[in-house]
Number of protein chains: 2
Amino acid sequence: MIPVNDNFRFLEKSYLFSEVGRRIREFKRINPEKEIIRMDIGDVTRPLFPCVIESMKEALEDMSEEATFKGYGPEQGYDFLREAITEEDYVKRGINISSDEIFVGDGAKSDLGNLGEIFSKDCRIGLMNPSYPAYYDDNVIDGRIRITESGKRLNLINLECLPENNFIPSLPREHVDIIYLCFPNNPTGAAITRDELKKWVDYALNQGSLIIYDSAYESFVREGDKARSIFEIEEADKVAMEVRSFSKTAGFTGVRCGYTVVPKNLTGKFANNETVSLNSLWLRRQTTKFNGVSYITQKGAFALYSKEGRRCIEENSDYYLRNARLIGATLSEQGFEVSGAVNSPYVWARPKDSDKDSWSLFQELLEKCNISVTPGIGFGKSGAGYIRLTGFNSYENTRRAMEILQSKNPGL
Amino acid sequence: MIPVNDNFRFLEKSYLFSEVGRRIREFKRINPEKEIIRMDIGDVTRPLFPCVIESMKEALEDMSEEATFKGYGPEQGYDFLREAITEEDYVKRGINISSDEIFVGDGAKSDLGNLGEIFSKDCRIGLMNPSYPAYYDDNVIDGRIRITESGKRLNLINLECLPENNFIPSLPREHVDIIYLCFPNNPTGAAITRDELKKWVDYALNQGSLIIYDSAYESFVREGDKARSIFEIEEADKVAMEVRSFSKTAGFTGVRCGYTVVPKNLTGKFANNETVSLNSLWLRRQTTKFNGVSYITQKGAFALYSKEGRRCIEENSDYYLRNARLIGATLSEQGFEVSGAVNSPYVWARPKDSDKDSWSLFQELLEKCNISVTPGIGFGKSGAGYIRLTGFNSYENTRRAMEILQSKNPGL
């Protein structure tokens, strides 16, 4: 029998969101008449923008004629899209990034998962706790975070995000090689000021660390002192990569497109101490194991950089933010301690006068209110006792869910 | 500075096809008036089928309305597509595969690259030589094939494909854990009979090996005794995965869709000898590091399983086969020893009366005939002295290229 990657043995049996889905299906099987309002998974509900649809239709026309047909595209993404990204997301905001530092991919989850391949197994990993569970799982699969038979986690440094620090972690006291930061944060909804973010860039410069900055939710930033990109901080291009997604911004969860910025100033070292550009390593990985994103998809993403596309993103983000704020306000009234919902579509909450665990809260809300949420413990041990709700459902469903919550007053 | 994956140090600086592209661009820069006819890279030139375009347009309509909008899809692919694949590619051909053994992905290159993650670093790898260079590079990046400082390649067993064995390798004499087989083959164009393929399945059953069967070119099989799927062989579902692509079949090189079959009968073992289903391991990998293929793309692929889709695939494959046969016939006349072009869009050739190396042949054809080919040596040392040409250009261009070849008679 063929030997397999032993690291899989140390993963939880199923991915958090699959388990939530399984429990919801189980509840529906037993209660087929009940309608569940889903406030758990971070999936969007509003359709693609008309300008995106239009651009993809044009791309389909190109693909239907021999003269304009496109076969294999550049693995790094088409110039037209990389140049639009560079101009609109960076240069116009005063950030010096060039288009050969942009890698278009099929979404942040894939890029975050695959990026690990270019790093040594010996890297010490710093993860916000709570955080998006894929960061942890990715590093376990790759063998960087190693779990002993007794369950001890090696090479993992937890960066605690608690109400005491407004969910912005303190700098680690020890050396960390790769730090995953996500702001606006999933799941806590916290955004970071440029001043606070600068401390992380300084730490990384001092320590020779790398920051993988997940800014999938940047379009939800509304407060002027909060960072939308780590490259707003000087010298960040010496220590950080940035992962972006069109999923939440523009409803691309089912279309699959995002990008990763790998500055040419980033260097790593081989075992023999030879230095190497991380941009060239990632390019080598992508040209070997990936073949680019659909031309049609890239044309759709390109439309997001038109004036109309920019307007739609703003309006779309506002819509989901309004939902998040309604959720936040309602939960506050119902006796929850609430954060998020200001620069983020996420609401992070725990009952003020209860020490119920996350899965019990999940189950009670499902059974009493027919509302599904995500148990905070699924994002890490510092998520214990919390639940995450998202503003991604429709306004009508969100309002209905909040009315149910108020009327049933589940007394959690 | 951050420590990187040391295995990258042992890869060639650039991926074969990037190097070919670079040399062509360089030639065009110096000779801007020359028009190159590209017979090198395996990229298709015919547009998407009307039924595919139509289906993708309908998907775009779905995505433009809230009621029919699709967000995150199942990581493994939509049921409608997996069921169509199961029925048309397997059940109707008498093969017992079920839809939960099908994983829809963004193309064979990605799946082949990522599949390695579920296997141990200690697996011994058997590769056809010559073969598609990504198999080798993938396994070097992952650390299964290990290269010593003196250049020795550990854990790699070469399965030589030479004219003496009609480009069908002999069974290895030693134990191999993972064997990559590709039929119809890239680059040699060889197809395998069911009798010959059965020997490999028997070897794997005896040895407890796994076969990763790349059948990206199955739609080009024309001879009745040749296998289109490894699952035509009894008990293959105990030892083989199969990777398929819509790229060459249906012009999806720029659309990105394919699938991998991971039978539930396949098992592996962890370091503690516990057994595990490879289907469940691959599902865990995909749910963690991948988020499925665009709904629009999957609707396009679905159209390939309609009656009209089947007809178009047949016609499309015939078109490219006609080109390949023209190339094969012309090269034969010009004094080349030729294989392929019967059940394959590839032509594998070397001059009969010359021992020029592959890159010299490449350069001479580029300079004298303005035709680009792929140097055989790029596919492995047994490709030395060969060139690969593809039937994927238009018939007009192919005919023109062959006329040039005849008139210039480059006398290689």
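Residues numbered from 1 in each chain as written. Chains lettered and ligands numbered in written order. Predicted model: local features only at pLDDT ≥ 70, side-chain atom pairs only at ≥ 80, totals over all residues. Heavy atoms only, no water.

Here's the deal with the overall build of chain A
To be explicit about the condition: A run of H or I in DSSP becomes a helix once it reaches four residues, and a run of E becomes a strand once it reaches two; helices and strands are each numbered from the N terminus. For the radius of gyration, the atoms used are the C-alpha atoms, and the globule rule reads 2.2 Å times the number of residues raised to 0.38. Classification of residues uses two cut-offs on accessible area relative to the type maximum, computed with a 1.4 Å probe and protein chains only: under 20% is buried, over 50% is exposed, and between them is partly exposed. To be clear on the numbers: accessible area is Shrake-Rupley with a 1.4 Å probe, and residue cover counts the displayed protein chains and nothing else.
Of regular secondary structure, chain A possesses twelve helices and 18 strands. Since a compact globule built from 412 residues should have a radius of gyration of about 22 Å, the 21 Å found for chain A is in line with a globular shape. Principal axes of the C-alpha set define a box for chain A whose edges measure 60 × 55 × 55 Å. Residues classed as buried in chain A amount to 63% of the 412 residues present. Entry remark: accessible area of chain A is about 14900 Å², with carbon and sulfur atoms responsible for 47%.

Digging into the packing of aromatic side chains
Inclusion rule: Any two rings among Phe, Tyr and Trp, with Trp reduced to its six-membered ring, count as a pair given centres within 6.5 Å; such a pair is stacked if its planes are under 30 degrees apart, edge-to-face if over 60, and tilted if neither. Throughout this description, the term charge over a ring refers to an Arg CZ or Lys NZ atom that lies within 6 Å of the ring centre and within 35 degrees of the ring normal.
One pass over the structure, following the stated rule, counts 42 aromatic pairs over all chains. An aromatic cluster of three or more residues is present, and its members are Tyr-217, Phe-220, Tyr-319, Tyr-320, Tyr-346 and Phe-392 of chain A. A cation over a ring is seen here: Arg-23 of chain B above Trp-359 of chain B, with NZ or CZ 4.0 Å from the ring centre.

Some words on the nonpolar core
Note the threshold: Side-chain atoms within 4.5 Å are what join buried Ala, Val, Leu, Ile, Met, Phe, Trp, Tyr and Cys residues into a set we call a nonpolar core. Contacts: residue pairs with any heavy atoms within 4.5 Å of one another.
Counting 278 residues, the largest nonpolar core has Phe-119, Phe-252 and Leu-278 of chain A together with Phe-119, Phe-252 and Leu-278 of chain B as the members making the most contacts within it. Leaving out residues up to four positions away in the same chain, Leu-278 of chain A has contacts with Ile-118, Phe-119, Leu-210, Met-241, Val-262, Leu-266, Thr-267 and Gly-268 of chain A together with Ile-2 and Val-4 of chain B.

Notes on the sheet that holds strand β15 (residues 346-351) of chain A
All names here are of chain A. Filter applied, for reference: Following DSSP output, two strands are said to pair if at least two bridges run between them.
With respect to topology, four strands assemble into an open sheet ordered β14-β15-β18-β17, the strand pairing being antiparallel. Looking at the sheet topology across the chains shown, the edges are occupied by β14 (336-340) and β17 (374-375). Where β15 meets strand β18 (residues 387-390), four bridges bridge the pair, whose relative direction is antiparallel. Looking across to β18, one finds that Val-347 is bridged to Leu-389.

Regarding the interface of chain B and chain A
As a reminder, the rule being used: Here the quantity called buried area is the total loss of accessible area, with a 1.4 Å probe, experienced by two parts when brought into contact, counted for both. The working definition used for a salt bridge is a side-chain nitrogen of Lys or Arg within 4 Å of a carboxyl oxygen of Asp or Glu. Whenever a nitrogen or oxygen atom comes within 3.5 Å of another N or O atom, the pair is scored as a polar contact, on the condition that within protein one atom can donate a hydrogen and the other can accept it, and that pairs from neighbouring residues in sequence are kept only if both atoms are in side chains. Note on residue classes: Ala, Val, Leu, Ile, Met, Phe, Trp, Tyr, Cys and Pro are nonpolar, Asp, Glu, Lys and Arg are charged, and everything else, Gly too, is polar.
Taken residue by residue, the interface counts 84 residues in chain B and 85 residues in chain A. Taken over both partners, the interface formed by chain B and chain A buries close to 7400 Å², and the fraction arising from carbon and sulfur atoms is 60%. Here chain B and chain A share eight salt bridges between them. One salt bridge connects Arg-284 of chain B with Asp-137 of chain A, and the closest N-O pair in it is separated by 3.4 Å. Where chain B meets chain A, there are 38 residue pairs in polar contact (both at pLDDT 80 or more). Among the elements of the structure, β1 (2-3), α2 (50-63), α4 (108-115), α5 (133-142), β12 (267-269), β13 (275-277), α8 (278-289) and α9 (295-303) of chain B are those that each provide at least two residues to the side of chain B that touches chain A. Ranked by residue count, the leading element in the side of chain B that touches chain A is α8 of chain B, at seven residues. In terms of residue class, the side of chain B that touches chain A is made up of 33 nonpolar, 24 polar and 27 charged.

Let's talk about helix α11 (residues 358-369) of chain A
Residues and elements named next belong to chain A. What counts, and what does not: What a helix should span is 1.5 Å times the count of its residues minus one.
A rise of 1.5 Å per residue sets the reference length of α11, with its twelve residues, at 16 Å; its end C-alpha atoms lie 16 Å apart and thus fit the reference within 8%. Looking only at α11, the buried set comprises Ser-358, Leu-361, Phe-362, Glu-364, Leu-365, Leu-366 and Cys-369. In this structure, the buried residues of α11 make contact with α1 (16-30), β15, β16 (371-372), β17, β18 and α12 (395-408). Where α11 terminates, the next one or two residues include Asn-370, which has phi positive at roughly 55°.

Topic: the relation of the copies chain B and chain A
Rules: Superposition of the copies used a least-squares fit over C-alpha atoms from residues whose pLDDT is at least 70 in both.
Turning chain B through 180° and shifting it by 0.0 Å along the axis lays it on chain A, with an RMSD of 0.0 Å. Each copy turns onto its partner about a two-fold axis. Residues of chain B ranked by C-alpha distance from the rotation axis are headed by Lys-57 of chain B, positioned 3.5 Å from it. Same-surface contact between copies: 100% of interface residues of chain B are shared with the interface of chain A.

Side note on the packing of α1 of chain A against α11 of chain A
All names here are of chain A. Our working rule: For helices, the axis comes from a line fit to the C-alpha atoms of the stretch in contact; other axes are also lines fit to C-alpha atoms, and the angle between any two N-to-C directions lies between 0 and 180 degrees. Left-handed describes a crossing in which the near helix is turned anticlockwise from the far one by less than a right angle; the clockwise case is right-handed.
Here α1 crosses α11 at 35°, and the two axes come no closer than 11 Å. Remark: the crossing between α1 and α11 carries right-handed chirality. Each of Leu-16, Glu-19, Val-20, Arg-23, Ile-24 and Phe-27 in α1 lies in contact with α11, whose residues at this interface are Trp-359, Phe-362, Gln-363, Leu-366 and Glu-367. Each residue belonging to the contact of α1 with α11 can be placed in one class, and the counts come to seven nonpolar, one polar and three charged.

Focus on the pairing of strand β4 (residues 125-129) of chain A
Residue and element names in this part refer to chain A. Among the five residues that make up β4, five are buried, leaving the element largely enclosed by the rest of the structure. As paired elements, β4 and strand β7 (residues 156-160) share five bridges and run parallel to each other. Bridge pairing in β7 places Leu-127 opposite Asn-158. As judged from the three bridges shared by β4 and strand β8 (residues 178-182), these two strands associate in the parallel manner. By the bridge assignment for β8, Ile-125 is matched with Ile-178.

Points about the environment of Ala-341 of chain A
All names here are of chain A. Along the chain, the position of Ala-341 falls in the loop between β14 and β15. Residue Ala-341 is classed as buried on the basis of its relative accessible area, which comes to 4%. When sequence neighbours within four positions are dropped, the list of residues in contact with Ala-341 reads Leu-321, Ala-324, Arg-325, Tyr-346 and Val-347.

Focus on the sheet that holds strand β17 (residues 374-375) of chain B
In space, the four strands of this open sheet follow the order β14-β15-β18-β17 (chain B), with antiparallel pairing throughout. Edge positions in the sheet fall to β14 (336-340) and β17 of chain B, since each has one partner strand and no second.

Some thoughts on the confidence of the model for chain A
We count it as follows: Every residue gets a pLDDT, meaning the predictor's confidence in that residue, from 0 to 100.
Confidence in the prediction of chain A, expressed as mean pLDDT, is 96, and 99% of residues score 70 or more. Both confidence scores are given for the complex: pTM 0.97, ipTM 0.96.

A look at the environment of Pro-184 of chain B
All names here are of chain B. With respect to the helices and strands, Pro-184 occurs in the loop between β8 (178-182) and α6 (194-207). Judged by its relative accessible area of 1%, Pro-184 is buried. Once you skip the residues sitting within four places of it in the chain, Pro-184 turns out to touch Ala-190, Ala-191, Tyr-217, Glu-218, Val-221, Asn-343 and Ser-344.

Details of the environment of Pro-163 of chain B
Residue and element names in this part refer to chain B. Looking at the element boundaries, Pro-163 is found in the loop between β7 (156-160) and β8. You can call Pro-163 partly exposed: its relative accessible area is 25%. The sequence separation of Pro-163 and Thr-188 amounts to 25 residues, and the corresponding C-alpha distance is 9.8 Å. Non-local contacts of Pro-163, meaning those with residues more than four positions away in its chain, are made with Glu-337, Arg-350 and Tyr-386.

With respect to the pattern of salt bridges
For the structure shown, the criterion picks out 74 salt bridges over all chains. As a salt-bridge pair, Glu-315 of chain A and Arg-311 of chain A come within 3.3 Å of each other at their nearest N and O atoms. Residue Glu-315 of chain A and its partner Arg-311 of chain A are both found in helix α10 (residues 307-333); the two are separated by four residues, about one turn of the helix. For Lys-226 of chain B, the salt bridge goes to Glu-223 of chain B, with nearest N and O atoms at 2.9 Å. Classification of Lys-226 of chain B as buried rests on a relative accessible area of 13%.

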